[in-house]
Amino acid sequence: MLKRCCVNMKKTHLEEPLLPAMLDSQVSTQKANAVIKLMLTGAGESGKSTWLKQLRLIYDSSFSESERAYYLSVITGNMLKQIQLLLKQFTQIHLDSLEENLDHAVNIILTYKHTLLTKELVDCITFLHSQDLFTNYLKTQQTLDNYTYFIQNLPRLLEQLPNNKDILCARVKTHIETQFSYTSDNVRYVFHDVAGQRDARYAWSSRLQEVDCIVFFASLIEFDQFLVEDKTKNRMEESLQIYSDLVNSPVYLRLPVILCLNKIDLLNLKLQFKSFKDFFPDFTGQNSPAEVKQYITNLYLKANRIGEKIRSVQIFETDATDTELIGTVCKTVMKFLAQEQMKSIGFM
Ligand SMILES: Nc1nc2c(ncn2[C@@H]2O[C@H](COP(=O)(O)OP(=O)(O)OP(=O)(O)O)[C@@H](O)[C@H]2O)c(=O)[nH]1
Ligand SMILES: [Mg+2]
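Quick caveat: nothing in here was measured; it's all calculated off a predicted structure.

**Focus: the overall build of the protein**
Counting its secondary structure elements, the protein contains 14 helices and six strands. Radius of gyration (C-alpha) of the protein: 22 Å, near the 20 Å computed for a compact globule of 348 residues. Principal-axis analysis of the C-alpha atoms gives the protein an extent of 75 × 50 × 30 Å. With 348 residues in all, the protein has 53% of them scored as buried. If you take every contact in the protein between residues at least 6 apart in sequence, the share linking residues at least 24 apart comes to 74%. Entry remark: accessible area of the protein is about 16800 Å², with carbon and sulfur atoms responsible for 54%. Between the centroid of the 39 positive side chains of the protein and the centroid of its 40 negative side chains there is a distance of 8 Å.

Okay, structure coming up:
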């Protein structure tokens, strides 16, 4: 049941606790006569915190200059750590065959110690990515999901602070649960963003007891990826297991579920280099975004063994970095929750 109560005037803030400005985000002054709490769930890197950033952009304010400067160091750190990791293995394989220019660029990157983006660093990274030897190796490796996006955009970030899209594409792992709330049509929506990696999931159950809806994020492009916390475990299998545990649990039967099949924007790109069937041999379709998406959707549908009459599930295909799309999804989610509320009080 959705609870009706007084307006909740608690401060709202976004993840990234190291950033002081974010802890001081706006307080809504709108009155509300109902509160709906939603918990964002899903494995690590599925897109929960990116959704929260979107809510802030849509319902509160844009990022300040100091937040943008903070994200510049996050992006530089994300990329540097990733490229250094790739290069460690790359240089082991090609130690004796690197041409002088490439060897020089590799050395600069490998010995770079801070998170300040400099022209020298960007030039070396750009040069590295113009070399077939490296780009062919890259196709066989697991990278950050927005790696290609940032490779293309690093030169711009030498001149400008990150724009909203850059910030939405940056990766900051969640350690501490955070929340964001806003009021629309007299209803206050409170979104709880929790950490998704294995060691953090023990904390989910107490929060799930208090919320009115589960929002589950599943990445559409994790079929060839392995967990950060367990390199032997396929990420999509893990996500299906978490989803199944949640939706089939008798404890959370009363909660409607919103399933976001996320990272739809990256699926096409991934399928140009990877064969879905190599990872899910039961798949007999074409290696096309439409067929792969349908197959994954069916896996999630099958994982839910509770009938529609008992639990409502609403499915969305999302790109969590697309503000317009997420705005539209939010409106549909609000309508869906209003219907659920009517059902729960016997009007439907
Ligand atoms: N291109 C693209 N990137 C996405 C999308 N959703 C999330 N990402 C990126 O994926 C990475 C992980 O997203 P997060 O929102 O931090 O994931 P999370 O679920 O909060 O992960 P944890 O905090 O570890 O539980 C970030 O770099 C995001 O920018 C998407 O739909 N499209
Ligand atoms: Mg997070």
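Further notes follow.
**Digging into the UniProt feature "binding site: Mg(2+)" (unreviewed entry) in the protein**
When the UniProt feature table is mapped to this numbering, "binding site: Mg(2+)" (unreviewed entry) covers Ser49 and Thr174. Annotated residues spanning 126 residues; largest pairwise C-alpha distance 7.5 Å, indicating a single compact cluster. From this annotated list, the subset lining the largest cavity comprises Ser49 and Thr174. Its place among the elements puts Ser49 in helix H2 (residues 48-59). Since its relative accessible area comes to 13%, Ser49 is described here as buried. Within polar-contact distance, the side chain of Ser49 engages the side chain of Thr174 at 2.8 Å. With respect to the helices, strands and loops of the structure, Thr174 is situated in the loop between helix H8 (164-169) and strand E2 (178-184).

**Observations concerning the pattern of salt bridges**
Taken as a whole and judged by the stated rule, the model has 14 salt bridges. One salt bridge in this structure joins Asp166 and Arg156, with 2.8 Å as the shortest N-O distance. Placement of Asp166 in helix H8 and of Arg156 in helix H7 (residues 147-159) is noted, with a sequence separation of 10 residues between them. Note on Asp166: relative accessible area 0%, which makes it buried. Its relative accessible area of 22% is what places Arg156 among the partly exposed residues. The partner of Arg198 in a salt bridge is Glu238, and the shortest N-O contact between them spans 2.9 Å. With Arg198 in the loop between strand E3 (187-193) and helix H9 (204-208) and Glu238 in helix H10 (residues 235-247), this pair connects stretches of sequence that are 40 residues apart. When its relative accessible area of 34% is taken as the criterion, Arg198 is described as partly exposed. Within this structure, Arg198, Arg201, Glu229, Asp230 and Glu238 form a network of salt bridges that share partners.

**Describing the state of the cysteines**
Each disulfide consists of one covalent bond between the sulfur atoms belonging to two cysteines. Tallying each qualifying case throughout the model produces zero disulfides. With no disulfide partner, Cys260 has as its closest neighbouring cysteine sulfur the one in Cys330, 9.0 Å distant. Given the relative accessible area of 2%, Cys330 is considered buried.

**Focus: the side chain of Thr50**
With respect to the helices, strands and loops of the structure, Thr50 is situated in helix H2. The class for Thr50 is buried, based on a relative accessible area of 15%. Filtering out sequence-adjacent residues up to four positions away, Thr50 remains in contact with Leu168, Ala320 and Thr321.

**Re H10**
With 13 residues, H10 extends 18 Å from end C-alpha to end C-alpha; this agrees with the ideal 18 Å at 1.5 Å per step. The element H10 is largely enclosed, with a buried count of 10 among its 13 residues. Buried within H10 we find Arg235, Met236, Glu238, Ser239, Leu240, Ile242, Tyr243, Ser244, Leu246 and Val247. Between the side-chain oxygen of the N-cap and the backbone nitrogen of Met236 there are 2.8 Å, and the N-cap of H10 in question is Asn234.

**Let's talk about unusual backbone geometry**
What is expected of a backbone is that most residues other than glycine have negative phi and most peptide bonds are trans. Here the phi dihedral of Asp185 falls at roughly 50°; this positive angle occurs in a residue that is not glycine. Of note, Asp185 is situated in the loop between E2 and E3. You can call Asp185 exposed: its relative accessible area is 71%. Backbone geometry places Asn186, a non-glycine residue, at a positive phi of 70°.

**Concerning the site of ligand 1**
Around ligand 1, 25 residues are found, and the nearest of them are Lys48, Thr50, Leu168, Gly196 and Ala320. Asp265 has a polar side-chain atom sitting 2.8 Å from a nitrogen atom of ligand 1. Its free accessible area being 650 Å², ligand 1 has 98% of it covered by the protein chains. Assessed atom by atom at 2 Å from the grid points, ligand 1 resides in the largest cavity. At the level of elements, H2, H8 and helix H11 (264-273) are the ones that each hand at least two residues to the shell around ligand 1. For the shell around ligand 1, the element with the highest residue contribution is H2, accounting for three residues. A per-class count over the shell around ligand 1 returns eight nonpolar, 10 polar and seven charged.

The rules behind each value
- Residues numbered from 1 in each chain as written.
- Chains lettered and ligands numbered in written order.
- Predicted model: local features only at pLDDT ≥ 70, side-chain atom pairs only at ≥ 80, totals over all residues.
- Heavy atoms only, no water.
- Helix = DSSP H or I, 4+ residues; strand = E, 2+ residues; numbered from the N terminus.
- Rg over C-alpha atoms; globule rule 2.2 N^0.38 Å.
- Buried < 20%, exposed > 50% of the residue type's maximum accessible area, 1.4 Å probe, protein only.
- Contact = heavy atoms within 4.5 Å.
- Areas by Shrake-Rupley, 256 points an atom, 1.4 Å probe, with all protein chains shown as cover.
- Lys, Arg positive; Asp, Glu negative; His and termini not counted.
- Charge placed at Lys NZ, Arg CZ, Asp CG, Glu CD.
- UniProt positions renumbered as here; feature names shortened; annotations may be inferred.
- 1 Å grid on protein atoms, 1.4 Å probe; cavity = no way out; pocket = protein on both sides within 12 Å on 5 of 7 lines; lining within 4 Å.
- Polar contact = N/O pair within 3.5 Å; in protein donor to acceptor, adjacent residues only side chain to side chain.
- Salt bridge = Lys/Arg side-chain N within 4 Å of Asp/Glu carboxyl O.
- Disulfide = S-S within 2.5 Å.
- Expected span 1.5 Å × (residues − 1).
- Near = heavy atom within 4 Å.
- Sits in = over half its atoms within 2 Å of the grid points.
- Nonpolar A, V, L, I, M, F, W, Y, C, P; charged D, E, K, R; others polar.

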